[in-house]
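Close look at the chain arrangement
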Amino acid sequence: MQGQTIAVTVEDGKVYAFDDTCTHKQCSLAGGEVEDGAVICPCHFAAFDIATGAVRTGPAETALRCYRAELADGALIVEVPE
Ligand code: FES
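Okay, so let's go over this structure. In this text the structure is predicted, and so the values were computed from the model without any measurement.

Within the fold, Asp-19 resides in strand E2 (residues 14-19). Since its relative accessible area comes to 6%, Asp-19 is described here as buried. In terms of polar contacts, Asp-19 uses its side chain to reach the side chain of Gln-4, at 2.8 Å. Each residue touching Asp-19, except ones within four places of it in the same chain, is listed here: Gln-4, Thr-5, Ala-7, Leu-29, Leu-64, Arg-65 and Tyr-67.

We now examine the packing of aromatic side chains. For the structure shown, the criterion picks out zero aromatic pairs. The cationic tip of Lys-14 hangs over the ring face of Tyr-16; the distance from NZ or CZ to the ring centre is 5.1 Å.

This part covers the sheet that holds strand E3 (residues 34-35). The antiparallel open sheet is built from four strands, whose spatial order is E3-E4-E5-E6. Each of the sheet's edge strands pairs with one partner strand only, and the pair in question is E3 and strand E6 (55-57). As paired elements, E3 and strand E4 (residues 38-40) share two bridges and run antiparallel to each other. By the bridge assignment, Glu-35 is partnered in E4 with Ala-38.

What follows covers the sheet that holds strand E7 (residues 66-72). The four strands lie next to each other as E1-E2-E7-E8, forming an open sheet whose pairing is antiparallel. With one partner strand each, in any of the chains shown, strand E1 (6-11) and strand E8 (75-79) form the two edges of the open sheet. For this sheet, the mean inter-axis angle between neighbouring strands, taken without regard to orientation, is 30°. As paired elements, E7 and E8 share five bridges and run antiparallel to each other. Note on E8: the bridge partner recorded for Arg-68 is Glu-79.

Formed by 13 residues in total, the largest nonpolar core has its most connected members in Phe-18, Leu-29, Val-39, Cys-41, Phe-48 and Leu-64. For Leu-64, the residues in contact, after removing those within four places along its chain, are Phe-18, Asp-19, Thr-21, Cys-22, Thr-23, Leu-29, Val-39, Phe-48, Thr-52 and Gly-53.

Okay, the pattern of salt bridges next. Throughout the structure, instances matching the rule amount to three salt bridges. For Asp-19, the salt bridge is made with Arg-65, and the minimal N-O distance between the two is 2.9 Å. Remark: Arg-65 occurs in the loop between E6 and E7 and Asp-19 occurs in strand E2; sequence separation between them is 46 residues. In this structure, the salt-bridge partner of Asp-49 is Arg-56, at a minimum N-O distance of 2.9 Å.

Conventions adopted
- Residues numbered from 1 in each chain as written.
- Predicted model: local features only at pLDDT ≥ 70, side-chain atom pairs only at ≥ 80, totals over all residues.
- Heavy atoms only, no water.
- Helix = DSSP H or I, 4+ residues; strand = E, 2+ residues; numbered from the N terminus.
- Buried < 20%, exposed > 50% of the residue type's maximum accessible area, 1.4 Å probe, protein only.
- Polar contact = N/O pair within 3.5 Å; in protein donor to acceptor, adjacent residues only side chain to side chain.
- Contact = heavy atoms within 4.5 Å.
- Phe/Tyr/Trp six-rings, centres within 6.5 Å; stacked < 30°, edge-to-face > 60°.
- Lys NZ or Arg CZ within 6 Å of the ring centre and 35° of its normal.
- Pairing = 2+ DSSP bridges.
- Axes fitted to C-alpha atoms, helices over the stretch in contact; angles between N-to-C directions.
- Core = buried A, V, L, I, M, F, W, Y, C linked by side-chain atoms within 4.5 Å.
- Salt bridge = Lys/Arg side-chain N within 4 Å of Asp/Glu carboxyl O.

Structure below.
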């Protein structure tokens, strides 16, 4: 998945990784706030569950892709399927 930008956040010591691109109008989610386990898109405020990618609040209708991620020996490891 070359050229894909992935956003990462840490909540309660757990690492979450998901596509950085909002499925609504492709804004970057990297600048969005994380509240109650959801990332809020800074453009139109769609909310996505950071564990599953599911849409919690529109206007987005399509879920984000999420990836397994962890910190190991100081390195961030994100599993991105080919
Ligand atoms: S671009 Fe994210 S909600 Fe519109």
